Amino acid sequence: MLQKIEDIKTHFETEINKVKDRSGLEELRIKFLGRKGMISNTFALLSEVPAEIKPQFGQGLNQLKKAVEQKLKETGAKMGKTDSKKAQLDLTLPGRSPGRGGRHPLLAVADEIKSIFSALGFSIEDGPEIETDFYNFEALNIPKSHPARDMQDTLYITEDIVLRTHTSPVQIRVMEKQKPPIRMIAPGRVYRRDTPDASHSPFFHQVEGLVVGEDVSFADLKGIINAFAHRMFGSDIKVRFRPSFFPFTEPSAEYDFSCVFCHGKGCNVCKGTGWMEISGAGMVHPNVFEAAGIDSEKYTGYAFGMGIDRIAMLKYNINDIRLFFENDLRFLNQF
Ligand code: PHE
């Protein structure tokens, strides 16, 4: 009877040395430890074992069972490593294609705006995001005590240095170094002390436009904004100007485009009005010309602003400005 245990042990040792892979190992486990396996079958013989060797038989069989379990585990663990190494070297696996980068929707829209204005003869200018009080306010006819300073919640670095609240200071910088005729746009980032929500962000993007020359009129401004609207959103877009106030333009206006979603019928995006606010514009104020060293008797000009984020939201039907700045790939991959 005890010999039987020894036989199973030798049998197992020869078999385990022959095992090559996980499925062979599993077969062996079932053969020896399975419910109808050799060890379980031998346990079933316990009742037939003579009483005097029963304890020895039971003990021996238990030890064998443990040893077999242990050996199977060890062999399995070794295989675990060899298997995964093999997988790393599987040359038949299809290659992993690298993720392709895309253009950020804001950059794509900024580029489109730039190419539309370039085609209309505008140069593209640039200015610093950290500005002095002079360029951001003073030269734009917004003196220190002027209530219009409250129109823009400013982020001050020092009393005299600010994060620019609009791209209008670029108007001054260009007029200082360039004599008319001037025909320029200046795209860039601007900052305001705003709490972020679906339509506000503490930083966003504007395009400034400035045209200075002899006999430049409000009609020219309307013509350019119209041409832009048609090229950006299609020839059925209508433009309207509403009287408004900006210290650096006189007269001033705000301009709207007919809703690009409902074509002016009224929908939830335009809140039923059929119109969408774009930004402000107007004729350059003589005080601004003076601050920049341009003869306001000889020259006239118009200026306009434009929100890049706003235009991108309209173009791609995006309802939350924060999506542009969160860098969530699920959002960005759609462009
Ligand atoms: N700078 C203004 C703003 O940020 C927009 C504007 C630009 C208005 C040029 C008139 C002329 O709101």
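Residues numbered from 1 in each chain as written. Predicted model: local features only at pLDDT ≥ 70, side-chain atom pairs only at ≥ 80, totals over all residues. Heavy atoms only, no water.

Draft legend 1. Representation of the overall build of the chain. Of regular secondary structure, the chain possesses 11 helices and 10 strands. A globule of 335 residues ought to have a C-alpha radius of gyration of about 20 Å, yet the chain, at 39 Å, is considerably larger. Considering only C-alpha atoms, the chain reaches an extent of 125 × 45 × 40 Å along its principal axes. Burial analysis of the chain (335 residues in total) assigns 42% to the buried set. For the chain, long-range pairs separated by at least 24 residues make up 66% of all intrachain contacts whose partners lie at least 6 apart in sequence. Within the chain, the 44 negative side-chain charges are centred at a point lying 12 Å from the centre of the 44 positive side-chain charges. (Helix = DSSP H or I, 4+ residues; strand = E, 2+ residues; numbered from the N terminus. Rg over C-alpha atoms; globule rule 2.2 N^0.38 Å. Buried < 20%, exposed > 50% of the residue type's maximum accessible area, 1.4 Å probe, protein only. Contact = heavy atoms within 4.5 Å. Lys, Arg positive; Asp, Glu negative; His and termini not counted. Charge placed at Lys NZ, Arg CZ, Asp CG, Glu CD.)

Draft legend 2. Looking closely at the pairing of strand E8 (residues 249-258). Among the 10 residues in E8, 7 count as buried, and that is most of the element. In this sheet, E8 lies alongside strand E7 (residues 239-246) in antiparallel orientation, the contact comprising 7 bridges. If you follow Ser-244 over to E8, its bridge partner there is Ser-252. With antiparallel pairing between neighbouring strands as the criterion, E7 and E8 make up a hairpin whose turn holds 2 residues. (Pairing = 2+ DSSP bridges.)

Draft legend 3. Representation of the site of the ligand. The environment of the ligand is made up of 14 residues, and the closest members are His-166, Ser-168, Arg-192, Gln-206 and Glu-208. Here an oxygen atom of the ligand sits 3.1 Å away from a polar atom, N or O, in the side chain of Arg-192. The contact in question runs from an oxygen atom of the ligand to an N or O atom on the side chain of Gln-206, over 2.9 Å. In the complex, the protein chains occlude 93% of the 330 Å² of accessible area that the ligand would expose alone. Contributing elements (two or more residues each) for the shell around the ligand: strand E6 (203-213), strand E9 (275-284) and strand E10 (300-307). At 3 residues, E10 tops the list of elements feeding residues into the shell around the ligand. Each residue belonging to the shell around the ligand can be placed in one class, and the counts come to 5 nonpolar, 7 polar and 2 charged. (Near = heavy atom within 4 Å. Polar contact = N/O pair within 3.5 Å; in protein donor to acceptor, adjacent residues only side chain to side chain. Areas by Shrake-Rupley, 256 points an atom, 1.4 Å probe, with all protein chains shown as cover. Nonpolar A, V, L, I, M, F, W, Y, C, P; charged D, E, K, R; others polar.)

Draft legend 4. Local environment of the domain arrangement of the chain. Its domain assignment divides the chain into domain 1 (2-86) and domain 2 (105-332). Each of domain 1 and domain 2 has a C-alpha centre, and the two are 82 Å apart. (Domains from an automatic or database assignment.)

Draft legend 5. The arrangement of the packing of aromatic side chains in detail. Counting across every chain of the model gives 18 aromatic pairs. Taking the centre distance of 5.1 Å and the plane angle of 70° together, the rings of Phe-117 and Phe-122 count as edge-to-face. Each member of the pair Phe-117 and Phe-122 is classed as buried. On the basis of an interplanar angle of 55° and a centroid distance of 4.7 Å, the ring pair of Phe-203 and Phe-325 is categorised as tilted. One end of the pair, Phe-203, is in strand E6; the other, Phe-325, is in the loop between helix H10 (308-316) and helix H11 (329-332), and 122 residues separate them in sequence. For Phe-325, a relative accessible area of 22% gives the class partly exposed. An aromatic cluster of three or more residues is present, and its members are Phe-117, Phe-122, Phe-218, Phe-228, Phe-233, Phe-241, Tyr-255, Phe-257, Tyr-302 and Phe-304. (Phe/Tyr/Trp six-rings, centres within 6.5 Å; stacked < 30°, edge-to-face > 60°.)

Draft legend 6. Molecular detail of the sheet that holds E7. Spatially, E1-E5-E6-E10-E9-E8-E7 is the arrangement adopted by the 7 strands of the open sheet, whose pairing is mixed. Both outer strands of the open sheet, strand E1 (123-124) and E7, are each paired with one neighbouring strand and no more. Docked against the sheet, helix H8 (residues 218-233) engages strand E5 (182-191), E7, E8, E9 and E10, running at close to 30° with respect to E10. (Axes fitted to C-alpha atoms, helices over the stretch in contact; angles between N-to-C directions.)

Draft legend 7. Summary view of unusual backbone geometry. Here the amide bond leading from Pro-180 into Pro-181 is cis, since omega sits at 5°, within 30 degrees of zero. Mapped onto the fold, Pro-181 is located in the loop between helix H7 (169-177) and E5. In this structure, the amide linkage connecting Glu-250 to the following residue, Pro-251, adopts the cis form with an omega of 0°. As for its placement among the helices and strands, Pro-251 is situated in strand E8. Despite not being glycine, His-263 has its phi angle at roughly 55°, a positive value. You can see His-263 is positioned in the loop between E8 and E9.

Draft legend 8. Seen up close, a nonpolar patch on the surface. Nonpolar side chains collect at one region of the surface, where Ile-130, Ile-157 and Ile-161 lie side by side and expose about 260 Å² of accessible area between them. By secondary structure assignment, the location of Ile-157 is in the loop between strand E3 (155-156) and strand E4 (161-163). (Patch = residues over 30% accessible without salt bridge, like charges linked within 9 Å, V, L, I, M, F, W, Y side chains within 5 Å. Salt bridge = Lys/Arg side-chain N within 4 Å of Asp/Glu carboxyl O.)

Draft legend 9. Spotlight on the sheet that holds E3. Pairing in this open sheet of 3 strands is antiparallel, and the strands run E2-E4-E3 from one edge to the other. Each having just a single partner strand, strand E2 (130-132) and E3 make up the two edges of the open sheet. Relative to E4, E2 runs antiparallel, the two sharing 3 bridges. Across the sheet, Glu-131 pairs through a bridge with Val-162, a residue of E4.

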